[in-house]
Amino acid sequence: MRKLRSSSIASVAALLVLAVFSMGILGVLLSGARVYRGLTAQGAEDYDRRTCLQYLTTKLSQAPDPAMLSIERFGAGDALFIRQNIENKSYVTRIYCHNGWLMELFSVDSPGFSPEDGEKLMLLDSLSLTRCGSLLTAAVQKDGKVWQLQYAVGGWGQ
Amino acid sequence: MKNRAPLALIEQVIMLLVLAVAAAVCLQIFLWADRQADTNSLTDTALQQVQNTAQVLKSTAEPALAAELLGGQIENEIWIQSLPGYEIHTVCLDSGNPLLGCATVTAVQEGKQLVQLTVYWQEVVP
C-alpha cells in the first residue's frame, strides 16, 4: 500500500513537471508569434507610408517644369496634374485616388479620360491635395492612419 | 527492482531548467526585436517630418512663418516642434551669403539625435 502511494506521488510529480514544461514552451511560442505579428504589421505599414510618400516626392521633383504642376478636379476628387511638352505636344500625368487605389494616368492633355483609365499603383483610402503659396501639401490616408507630405514647388509663386 | 521514478523526476527537472534558460534568452531577444522595430518606425516617421520641415522652410524662406504653419514654439532662437515620441529642433545658421538662407533640422529623441538635415533656401530680397 505504501509502495503504491509513493509510486502515485512520483507519477503525479512527473506529470506536473511535464505540464510546467509544456506551459513554458507554449508561452515562449505565443510571445514569439505575437512579436513576429507585430513586427510584420509595423513593417508593412512603414513600407506603405514610405513607398507612397517617396513616389509622390519623386514625381514632384522629376516634373520637367514645376510651373506646370497644378491641382485640379478629376472624377470625384482632386488630382495632381503634371504637364509636359513632348515633341510639341502637351501630355499630362494625373496622380489621384480612386476606389481605394492610388492611381496614375499618363495621356495626351485633353478631356475624355476618366479615373478608371488609370493604372493602379497601391492601396490607399484617400489622397487630399492643398496648395498654400508655393507649398504643396499631400495628405494620404490608409487604414485610419494619415501621413502628410509637404513639398516646396519652385515654379509656384508666393 | 529499483524505483526509477526519482531518476525520471530529476531528469525532468533538469530539462525544465534548460527550458527556463532557453526561454529567458528567447524572450530577451523578442523584447529587443520589438524595441528595435519601434525605434526604426520612429526614425522613419521623424525623417519624413524633418523633410517636411525642410520643404516648408524652402517655401516660406522665413522660419517664423514656417513655425506658424507647422506649429511649435521658438526658444532661444531654436524652433522646437513637439511630436509624439520625439522633437524637431530647427536652428538657423549663417551661410555666409546674404542671399542664401541656411538651417539645420534635427529630430531628437530623449537627447539622442535621430536624423539631421541641412536645408538651404533663396532669401527674399527686400
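Relevant structure appears above.
One structure accompanies this document, and this report is about it. Just so you know, these numbers come straight off a predicted model, no measurement behind them.

**Looking at the side chain of Gln150(A)**
And step 1. With respect to the helices and strands, the residue Gln150(A) is situated in strand S8 (residues 145-152).
And step 2. In contact with Gln150(A), other than residues within four places in its own chain, are Leu135(A), Leu136(A), Thr137(A), Asn52(B), Gln55(B), Val56(B) and Leu70(B).

**Some details on the packing of aromatic side chains**
The description of two aromatic rings rests on the distance between their centres and on the angle between their planes.
And step 1. This structure, assessed with the given rule, holds three aromatic pairs over all chains.
And step 2. Three or more aromatic residues joined by ring pairs make a cluster, and in this case those are Phe74(A), Phe81(A) and Tyr96(A).

**What about the interface of chain B and chain A?**
And step 1. Taken together, the 25 residues of chain B in the interface contact 29 residues of chain A.
And step 2. Summing both sides of the interface, chain B and chain A together bury roughly 2,400 Å²; the carbon and sulfur share of this comes to 65%.
And step 3. Counting across the chain B and chain A interface gives two salt bridges.
And step 4. A salt bridge links Asp44(B) to Arg49(A); its shortest N-O distance comes to 3.2 Å.
And step 5. Linking chain B with chain A are eight residue pairs in polar contact (both at pLDDT 80 or more).
And step 6. Sorting the residues of the side of chain B that touches chain A by element identifies helix H1 (5-60) and helix H2 (63-70) of chain B as the ones contributing at least two each.

**Topic: the sheet that holds S8(A)**
Residue and element names in this part refer to chain A.
And step 1. Spatially, the three strands line up as an open sheet ordered S6-S7-S8, and their pairing is antiparallel. A single partner strand is all that each edge strand has here, and the edge strands are strand S6 (126-132) and S8. Shown here is a sheet whose adjacent strand axes are inclined to one another by a mean of 15 degrees, direction ignored.
And step 2. When strand S7 (residues 135-142) meets S8, the two strands line up antiparallel, connected through eight bridges. Counterpart to Lys142 in the pairing with S8 is Lys145.

**Observations regarding the sheet that holds strand S2 (residues 77-86) of chain A**
All names here are of chain A.
And step 1. Pairing in this open sheet of five strands is antiparallel, and the strands run S1-S2-S3-S4-S5 from one edge to the other. The open sheet terminates on both sides in strands that have one partner only, identified here as strand S1 (69-74) and strand S5 (119-123). Pairs of neighbouring strands in the sheet enclose a mean axial angle of 25 degrees, with direction left out of account.
And step 2. Relative to S2, S1 runs antiparallel, the two being bridged by six bridges. Paired with Ile71 across the bridge in S2 is Leu80.

**Some points on the layout of surface pockets**
And step 1. Considered as a void within the structure, the largest pocket measures approximately 330 Å³ in volume.
And step 2. What lines the largest pocket is a set of 14 residues, among which Val146(A), Trp147(A), Thr45(B), Gln49(B) and Tyr86(B) lie closest to the centre.
And step 3. If you list the elements that add at least two residues to the lining of the largest pocket, you get helix H1 (2-61) and S8 of chain A together with H1 of chain B.
And step 4. Counting residues per element, the lining of the largest pocket draws most heavily on H1(B), which supplies six residues.

**Description of the nonpolar core**
One broad rule of soluble globular proteins: the nonpolar side chains tend to lie buried together.
And step 1. Leu56(A), Leu60(A), Leu80(A), Ile95(A), Leu102(A), Leu127(A) and Val140(A) are the most contacted members of the largest nonpolar core, which totals 22 residues.
And step 2. Looking at this core, the elements that each hand over two or more residues are H1, S2, S6, S7 and S8 of chain A.
And step 3. Here the element with the most residues in this core is H1(A); it accounts for five residues.
And step 4. If we ignore the near neighbours within four places in the chain, the residues touching Leu80(A) are Leu60(A), Ser70(A), Ile71(A), Thr93(A), Arg94(A), Ile95(A), Leu129(A) and Leu136(A).
And step 5. Core analysis: the next-biggest nonpolar cluster, separate from the first, contains 20 residues, Ala46(B), Val50(B), Ala66(B) and Ala67(B) among them.

Rules and cut-offs
Residues numbered from 1 in each chain as written. Chains lettered and ligands numbered in written order. Predicted model: local features only at pLDDT ≥ 70, side-chain atom pairs only at ≥ 80, totals over all residues. Heavy atoms only, no water. Helix = DSSP H or I, 4+ residues; strand = E, 2+ residues; numbered from the N terminus. Contact = heavy atoms within 4.5 Å. Phe/Tyr/Trp six-rings, centres within 6.5 Å; stacked < 30°, edge-to-face > 60°. Buried area = accessible area lost by both parts, 1.4 Å probe. Salt bridge = Lys/Arg side-chain N within 4 Å of Asp/Glu carboxyl O. Polar contact = N/O pair within 3.5 Å; in protein donor to acceptor, adjacent residues only side chain to side chain. Pairing = 2+ DSSP bridges. Axes fitted to C-alpha atoms, helices over the stretch in contact; angles between N-to-C directions. 1 Å grid on protein atoms, 1.4 Å probe; cavity = no way out; pocket = protein on both sides within 12 Å on 5 of 7 lines; lining within 4 Å. Points joined across faces, edges and corners; volume = space filled by probe spheres on them. Core = buried A, V, L, I, M, F, W, Y, C linked by side-chain atoms within 4.5 Å. Buried < 20%, exposed > 50% of the residue type's maximum accessible area, 1.4 Å probe, protein only.

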